[in-house]
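Take a look at the letters that make up each chain.
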Amino acid sequence: MQKTEKPFVEVNNLYKVYDGFSSVLDNVSLEIARGEIACIFGPNGCGKTTLLKIIAGIDKDYQGKVLIGGKSPIEVRTGIVPQDYDMTLLPWRNTVDNITLPLEVNGYSRRELREIVVEFLKKMGIKLPLLSPVYKLSGGQKQLTVIARTLINKPEFLVMDEPFASLDSSHFFQIADVLKRIWNLTEVSTVLVTHDLVTAVLLSDQIFLFSPKPGRIVHCEKISLPEPRSVSDPLFVETVNYLQGVFLMGGE
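Within each chain, residue numbers correspond to sequence positions counted from 1 in written order. pLDDT decides what is reported in this predicted model: residues at 70 or higher carry local features, side-chain atom pairs at 80 or more are listed and counted, and totals for whole chains, interfaces and linings draw on all residues regardless. Excluded from the side-chain calculation are hydrogens and water; included are all heavy atoms of the structure.

### So, the layout of surface pockets
Note the threshold: The definitions used throughout rest on a 1 Å grid laid over the protein atoms alone, on which a cavity is an enclosed set of points accommodating a 1.4 Å probe that cannot get out and a pocket is an open set flanked by protein within 12 Å on both sides along at least five of seven lines; lining residues are those having an atom within 4 Å of a point. Grid points are joined across faces, edges and corners, and a volume is the space filled by probe spheres set on the points. The secondary structure listing takes helices from DSSP runs of H or I that are at least 4 residues long and strands from runs of E that are at least 2 residues long, numbered from the N terminus. By the convention adopted, Pro, Cys, Tyr, Trp, Phe, Met, Ile, Leu, Val and Ala count as nonpolar, Lys, Arg, Asp and Glu as charged, and the other residues, Gly among them, as polar.
The space that makes up the largest pocket amounts to roughly 400 Å³. Forming the boundary of the largest pocket are 21 residues, of which K180, L202, E227, P228 and R229 lie nearest the centre. Mapped onto the lining of the largest pocket, the elements with two or more residues apiece are α5 (169–186) and α6 (197–203). Among the elements that line the lining of the largest pocket, the one with the most residues is α5, at 6 residues. When the residues that make up the lining of the largest pocket are grouped by side-chain class, the tally is 12 nonpolar, 3 polar and 6 charged.

### Observations regarding the sheet that holds strand β4 (residues 63–68)
The test is simple: In this analysis, strands are considered paired if DSSP registers two or more bridges between them. Fitted lines through C-alpha atoms give the axes, limited to the stretch in contact for helices. The angle between two N-to-C directions lies from 0 to 180 degrees. Contacts: residue pairs with any heavy atoms within 4.5 Å of one another.
Reading across the sheet, the 3 strands line up as β2-β1-β4 and stay open at both edges, with antiparallel pairing between neighbours. Edge positions in the sheet fall to β2 (22–33) and β4, since each of these pairs with one other strand and no more. Each neighbouring strand pair of the sheet contributes to a mean axis angle of 15°, computed without reference to strand direction. Here strand β1 (residues 7–18) runs beside β4; their pairing, made up of 5 bridges, is antiparallel. Paired with N12 across the bridge in β4 is K65. Contacting β1, β2 and β4, helix α1 (residues 48–55) runs over the sheet at an angle of about 120° to β1.

### Looking at the pattern of salt bridges
Side chains carrying opposite charge are able to pair once their charged atoms draw close together. For clarity, the threshold we go by: Criterion for a salt bridge: a side-chain nitrogen of Lys or Arg within 4 Å of a carboxyl oxygen of Asp or Glu.
Here the structure, examined in full by the defined rule, presents 12 salt bridges. For the salt bridge of R216 with D26, the shortest nitrogen-to-oxygen distance reads 2.5 Å. Taken as a pair, R216 in the loop between β8 (206–210) and β9 (217–222) and D26 in strand β2 lie far apart in primary sequence, 190 residues in all. Of the charged contacts in the structure, one is a salt bridge between E36 and K222, with a shortest N-O distance of 3.1 Å.

What follows is the structure, given as structure tokens:
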């Protein structure tokens, strides 16, 4: 994927303190290119989700500088896929009417909205039971519904917080394949948070390893493995093992 020289995401000297004394993020600086998939990897409680909220424009109480496409995070149309994605679905609606939700303010008729969804899903290669109530969907189908709902509004930037935490391996690989296809089609810059290195190496162009709380970047690794990537590829396994060793040693 072709990247521009100027970073799309710029985080400089970011500090985050709760209640005036509890430091969560400590002097975090990073750059992410336009169209790049970057992963924030680290242990529970290291500030990964806090960083995600800041760059998504949800948390505005921090010290430092954050720019997305040269703009403040609150000025950017950011798509968010939360960890508790199941809670964001409307159970009284079916699948298609959950996906159309962000488009309903645009004045389309219900028929037009559904046609837009069908065409979008076809283009993205996503298959879902559109007329099924969402509470009847599998975990993987619910996750795909939330991803489709997020992307149909054409966000400038995408953030995903532990999106695979509640999925079994079969659903994980299914959604990983769909995400790769979507990223290739849309080239939307994405920040993915995870505590699983296999996920990070499988999906990312760049990985930032974070220390335990307060979160600091202890290592940054560009992932240049060829596509499609396979978890059984010796180079893939070698990369995961190398990064695991770097993380256990506390970075470079």
